[in-house]
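# Topology and contacts: notes
What follows is the residue order along each chain.
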Amino acid sequence: MSTGRFLHTMIRVGDLDRSVKFYTDLLGMKELRRRDVPDGKYTLAFLGYGEGNAEGQGEIELTYNYGVEKYEQGTAFGHLAVGVPDVAGACEKVRTGGGKVTREAGPVKFGTTIIAFVEDPDGYKIELIQR
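Residues numbered from 1 in each chain as written. Predicted model: local features only at pLDDT ≥ 70, side-chain atom pairs only at ≥ 80, totals over all residues. Heavy atoms only, no water.

For clarity, the cut-off: UniProt positions are given in the numbering used here, feature names are shortened, and annotations may be inferred rather than shown by experiment.
Per an unreviewed UniProt entry, the recorded name for the protein chain is lactoylglutathione lyase, and the organism is Neoroseomonas terrae. One UniProt comment on the protein chain, placed under Sequence similarities (unreviewed entry), says "Belongs to the glyoxalase I family." Within the UniProt record for the protein chain, the comment given under Cofactor (unreviewed entry) is "Ni(2+)".

## Quick word on the overall build of the protein chain
Selection criterion: Note on conventions: DSSP H or I runs of at least 4 residues are helices, E runs of at least 2 residues are strands, and numbering of each starts at the N terminus. Radius of gyration: over C-alpha atoms. The globule rule applied is 2.2 Å multiplied by the number of residues raised to the 0.38 power. Between two residues, a contact is recorded if the distance between any of their heavy atoms is within 4.5 Å. For the accessible areas, the method is Shrake-Rupley and the probe is 1.4 Å, while residue cover comes only from the protein chains on display. Neither His nor the chain ends is counted toward charge; the positive residues are Lys and Arg and the negative residues Asp and Glu. Where a charge lies is defined by one atom per residue type: Lys uses NZ, Arg uses CZ, Asp uses CG and Glu uses CD.
A count of helical and extended segments in the protein chain gives 2 helices and 8 strands. When the elements of the protein chain are put in sequence order from the N terminus, they spell out β-α-β-β-β-β-α-β-β-β. Its C-alpha atoms give the protein chain a radius of gyration of 15 Å, within 12% of the compact-globule value 14 Å for 131 residues. By its C-alpha atoms, the protein chain is 50 × 40 × 30 Å across when sized along the principal axes. Contacts in the protein chain between residues at least 24 apart in sequence constitute 50% of all its contacts with a sequence separation of at least 6. Counting every atom, the protein chain has about 7,900 Å² of accessible surface; 52% of that belongs to carbon and sulfur. For the protein chain, the separation between the mean place of its 17 positive charges and that of its 19 negative charges on side chains is 3 Å.

## Describing the pairing of strand β6 (residues 100-107)
Heads up, the condition is: Paired strands are those between which DSSP finds at least two bridges.
Where β6 lies against strand β7 (residues 114-119), 5 bridges are found, and the strand directions are antiparallel. By the bridge assignment, Pro107 is partnered in β7 with Ile114. Between β6 and β7, which follow one another and run antiparallel, lie 6 residues, and Phe110 among them has a positive phi close to 65°.

## As for the nonpolar core
The cut-off we apply is this: Buried Ala, Val, Leu, Ile, Met, Phe, Trp, Tyr and Cys residues form a nonpolar core when they are joined through side-chain atoms within 4.5 Å. To sort residues, take the accessible area from a 1.4 Å probe on protein chains only and compare it with the maximum for the residue type: under 20% means buried, over 50% means exposed, and anything in between is partly exposed.
Grouped together as the largest cluster of nonpolar side chains are 26 residues, with contacts concentrated most on Ile11, Phe22, Tyr23, Leu62, Ile126 and Leu128. Counting only elements with at least two residues in this core, the list comes to α1 (16-26), β3 (42-48), β4 (59-65), β5 (80-84), α2 (87-96), β7 and β8 (125-130). The element best represented in this core is α1, accounting for 5 residues. Once residues within four sequence positions are removed from consideration, Leu62 is found in contact with Ile11, Val13, Leu16, Ser19, Val20, Tyr23, Thr43, Leu44, Ala45 and Leu47.

## Remarks on α1
For the record, the criterion: Definition of a polar contact: a pair of N or O atoms within 3.5 Å, with one able to donate and the other able to accept a hydrogen when the atoms are protein atoms, and with sequence-neighbouring residues admitted only if both atoms are side-chain atoms.
Those residues of α1 lying buried are Leu16, Ser19, Val20, Phe22, Tyr23, Thr24 and Leu26. In this structure Asp15 caps α1, since a side-chain oxygen of it lies 3.2 Å from the backbone nitrogen of Asp17. Just beyond α1, the residue with positive phi is Gly28, at close to 75°.

## Brief notes about the pattern of salt bridges
Which entries qualify depends on this criterion: The working definition used for a salt bridge is a side-chain nitrogen of Lys or Arg within 4 Å of a carboxyl oxygen of Asp or Glu.
Summed over all chains, the structure comprises 9 salt bridges. Linking Arg18 and Asp122 is a salt bridge whose minimum nitrogen-to-oxygen distance equals 3.2 Å. Of the two residues, Arg18 is situated in helix α1 and Asp122 in the loop between β7 and β8; the sequence distance between them amounts to 104 residues. For Arg18, a relative accessible area of 36% corresponds to the partly exposed category. Asp122 gets classed as buried once you look at its relative accessible area, which sits at 16%. Bridged by salt links that share partners, the residues Asp17, Glu31 and Arg34 form one connected network.

Next up, the structure:
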């Protein structure tokens, strides 16, 4: 029996409004809550598909540190994964919305699951998996 549950993944972004727009308009997430911390010079925005930490619903925490417009991407982080009903359609929505598709929809190598990869405005990779 597990007593824990996945809450969120935090990524740092250079323009909070631009990133929120990408995840909400192009990937269909909702902004669940936002917290500005002037004394700490940062703002947090939590996004997801659930209703705010609903059981089994992980979230993305976008962290904007005042005055930081760009971060170096490390080599340890891989990608976020999002299940969607139509990977090709999701790629088209990202593309027409000005986003970047880095791997078109198609079967995973040596398998049949349909996947694609897109990038958010800060360069984070997002795997779209057909569900």
